[in-house]
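Secondary and tertiary structure notes
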Amino acid sequence: MATDLHELLRSLRVWDPEVTRLPAFDPERAPGTPVELFTAWFAEAVAAGEREPHTMTLATADEEGRPDARIVMLHGADAGGWSFATHATSRKGRQLAARPYAALTFYWPRRGRQVRVRGPVVSAPSGEAQADLHARSTGALAAALTGRQSEPLSSTEELAAVSRAAWDRARADPTAASPTWTLYRLDPEEAEFFQGEEHRRHVRLSYVRNDTGWSRQLLWP
């Protein structure tokens, strides 16, 4: 029997109380900068058992302004911005070269929370990108050495052969360089923190950068 998508959709719940706890959020007590609140919420997501709280949606646009999005991994967040990495020659790398502006979205269902950040994106120096890569797993280095991200692939056999060679090189030389591997930093102009509430009186707190720092305002849910 064919799966009925609409029946499946109607059977699902948002924020199932068996796994989700919706904490109270008082925006009046929020810290002065978005990275401080993000750091606190991230730690709480980890403590709540979110399996991959460091994954996020990265949204970019191509030269014609057409949007694109995919899931990537957060590499860091501090006063210098939110960091992620990819090949400069990949689709997202080319899009960021053409339009160096992006948006990030984090979703942590166990807390009923999401965080949205957007702003201009810059590339970190190559040395920082390579150091960040070499601090990660052998598999991460092998994947970076495989390269060719977003290019057409002739067969899975070709991928397997190139990947095996990349794994061998990564094991033999843990400091091997991947020239196109790039560490990007998004410097936020806006950041929004959303806290779900059981009566649908969700709290949305927006930070907007100004000449003196950050202004904050509440948004209707």
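Now for a look at the structure at hand. (Residues numbered from 1 in each chain as written. Predicted model: local features only at pLDDT ≥ 70, side-chain atom pairs only at ≥ 80, totals over all residues. Heavy atoms only, no water.)

Here we look at the overall build of the chain
- Counting its regular elements, the chain contains six helices and 10 strands.
- C-alpha atoms of the chain, sized along the principal axes, occupy 60 × 55 × 40 Å.
- Across the 221 residues of the chain, 35% fall into the buried class.
- Partitioning the intrachain contacts of the chain with sequence separation of at least 6 by distance along the chain shows that 64% fall at a separation of at least 24.
- With an accessible surface of roughly 13,200 Å², the chain has 53% of that area assigned to carbon and sulfur atoms.
- For the chain, the distance from the average site of its 27 positive side-chain charges to the average site of its 29 negative ones is 2 Å. (Helix = DSSP H or I, 4+ residues; strand = E, 2+ residues; numbered from the N terminus. Buried < 20%, exposed > 50% of the residue type's maximum accessible area, 1.4 Å probe, protein only. Contact = heavy atoms within 4.5 Å. Areas by Shrake-Rupley, 256 points an atom, 1.4 Å probe, with all protein chains shown as cover. Lys, Arg positive; Asp, Glu negative; His and termini not counted. Charge placed at Lys NZ, Arg CZ, Asp CG, Glu CD.)

As for the side chain of His87
- Assignment of secondary structure puts His87 in strand E4 (residues 81-87).
- A polar atom in the side chain of His87 sits 3.3 Å from the backbone oxygen of Ala144. (Polar contact = N/O pair within 3.5 Å; in protein donor to acceptor, adjacent residues only side chain to side chain.)

Remarks on a nonpolar patch on the surface
- Residues Leu5, Leu9 and Leu12 make up a contiguous nonpolar surface patch of roughly 330 Å² in combined accessible area.
- Tracing the backbone through its elements, the reader meets Leu12 in the loop between helix H1 (5-11) and helix H2 (34-47).
- Leu12 sits in the exposed class, given a relative accessible area of 60%. (Patch = residues over 30% accessible without salt bridge, like charges linked within 9 Å, V, L, I, M, F, W, Y side chains within 5 Å. Salt bridge = Lys/Arg side-chain N within 4 Å of Asp/Glu carboxyl O.)

Focus on the packing of helix H5 (residues 138-146) against helix H6 (residues 156-172)
- With their axes 8 Å apart at the nearest point, H5 and H6 run at an angle of 125° to one another. Regarding the angle of H5 to H6, the classification is oblique. Considering how the two elements wind past one another, H5 and H6 form a crossing that is right-handed. When H5 is examined against H6, the residues Thr138, Gly139, Leu141, Ala142, Leu145 and Thr146 are found in contact with a partner set consisting of Leu159, Val162, Ser163, Ala166, Trp167, Arg169, Ala170 and Arg171.
- Residue composition of the contact of H5 with H6, by class: eight nonpolar, four polar and two charged. (Axes fitted to C-alpha atoms, helices over the stretch in contact; angles between N-to-C directions. Parallel < 35°, antiparallel > 145°, perpendicular 65-115°, else oblique. Left-handed = near helix turned anticlockwise from the far one by under 90°. Nonpolar A, V, L, I, M, F, W, Y, C, P; charged D, E, K, R; others polar.)

Things to note about the side chain of Ser178
- In this structure, Ser178 sits in the loop between H6 and strand E7 (181-186).
- A polar atom in the side chain of Ser178 sits 3.2 Å from the backbone oxygen of Ala144.
- Ignoring anything within four residues of it in the chain, the contact list for Ser178 reads His87, Gln130, Leu133, Ala144 and Leu145.

Brief notes about the pattern of salt bridges
- Throughout the structure, instances matching the rule amount to 15 salt bridges.
- Ionic pairing is found between Arg66 and Asp62, a salt bridge with its closest N-O pair at 2.8 Å.
- You can call Arg66 exposed: its relative accessible area is 51%.
- A salt bridge links Asp132 to Arg136; the nearest nitrogen and oxygen atoms lie 3.2 Å apart.
- Judged by its relative accessible area of 15%, Asp132 falls in the buried class.
- In the salt-bridge network here, residues are joined through shared partners; they are Glu44, Arg111 and Arg113.

Considerations on the environment of Trp167
- Summarising the element assignment, Trp167 is placed in helix H6.
- Exposure remark for Trp167: the relative accessible area of 32% places this residue in the partly exposed category.
- In the structure, Trp167 is positioned 37 residues away from Gln130 in sequence and 17 Å away in space, judged by C-alpha atoms.
- Apart from residues lying up to four places away in sequence, Trp167 is in contact with Thr138, Gly139 and Ala142.

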